[in-house]
Amino acid sequence: MDYRTLLAAVLGVGLGAVLIAAPEAIVRAHTVGRVPGDRGGEYGADSESDDRIRRLVQVVGAALILAGLYFGAVAAGVA
């Protein structure tokens, strides 16, 4: 059994699950420190990220889970 392939499978499934479960946290972490384009709004109010961006993060998470499952099957000798 190749442990690097097994580790890639575990990391792919784990990271994919995080991306699917908490896409808003991923988007917020990615945009920390960037100045917003529009300065309107109340002080301390957080702007909501676009639904398309959150959906994109979830799609990338699903792709990582699929890749992790593939690597797991290769490590187990199934595929």
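Details of the structure are given in the entry above.
Reading guide: rules and limits
- Residues numbered from 1 in each chain as written.
- Predicted model: local features only at pLDDT ≥ 70, side-chain atom pairs only at ≥ 80, totals over all residues.
- Heavy atoms only, no water.
- Helix = DSSP H or I, 4+ residues; strand = E, 2+ residues; numbered from the N terminus.
- Buried < 20%, exposed > 50% of the residue type's maximum accessible area, 1.4 Å probe, protein only.
- Contact = heavy atoms within 4.5 Å.
- Areas by Shrake-Rupley, 256 points an atom, 1.4 Å probe, with all protein chains shown as cover.
- Expected span 1.5 Å × (residues − 1).
- Phe/Tyr/Trp six-rings, centres within 6.5 Å; stacked < 30°, edge-to-face > 60°.

Visitor: Looking at this structure, I do not really get the overall build of the chain. What am I missing?
Guide: Assigned secondary structure in the chain consists of 3 helices and 0 strands. For the chain, the α and β elements follow one another from N to C terminus as α-α-α. For the chain, with 79 residues in total, the buried portion stands at 16%. Here the analysis covers contacts within the chain between residues at least 6 apart in sequence; of these, 87% occur between residues at least 24 apart. Roughly 6100 Å² of accessible area belongs to the chain as shown, and the carbon and sulfur atoms make up 64% of that amount.

Visitor: Just to check I follow, could you spell out helix α3 (residues 51-76) for this structure?
Guide: In an α-helix, one turn spans 3.6 residues; hence positions three or four apart end up facing the same way. For α3, spanning 26 residues, the distance from its first C-alpha to its last is 37 Å, which sits close to the expected 38 Å at 1.5 Å a residue. The set of residues buried in α3 consists of Arg 54, Val 57, Gly 61, Gly 68 and Ala 75. The elements touched by buried residues of α3 are α1 (3-21) and α2 (23-30). Phi turns positive, to about 85°, at Gly 77, one or two residues after α3.

Visitor: Honestly, the packing of aromatic side chains in this entry has me stumped. Any pointers?
Guide: Given two aromatic rings, one states the distance between the centres and the angle between the planes to describe the pair. Applying the stated criterion across every chain, the model contains 1 aromatic pair. Seen in terms of ring centroids, Tyr 70 and Phe 71 are 5.8 Å apart; in terms of plane orientation they differ by 55°. Their pairing is tilted.

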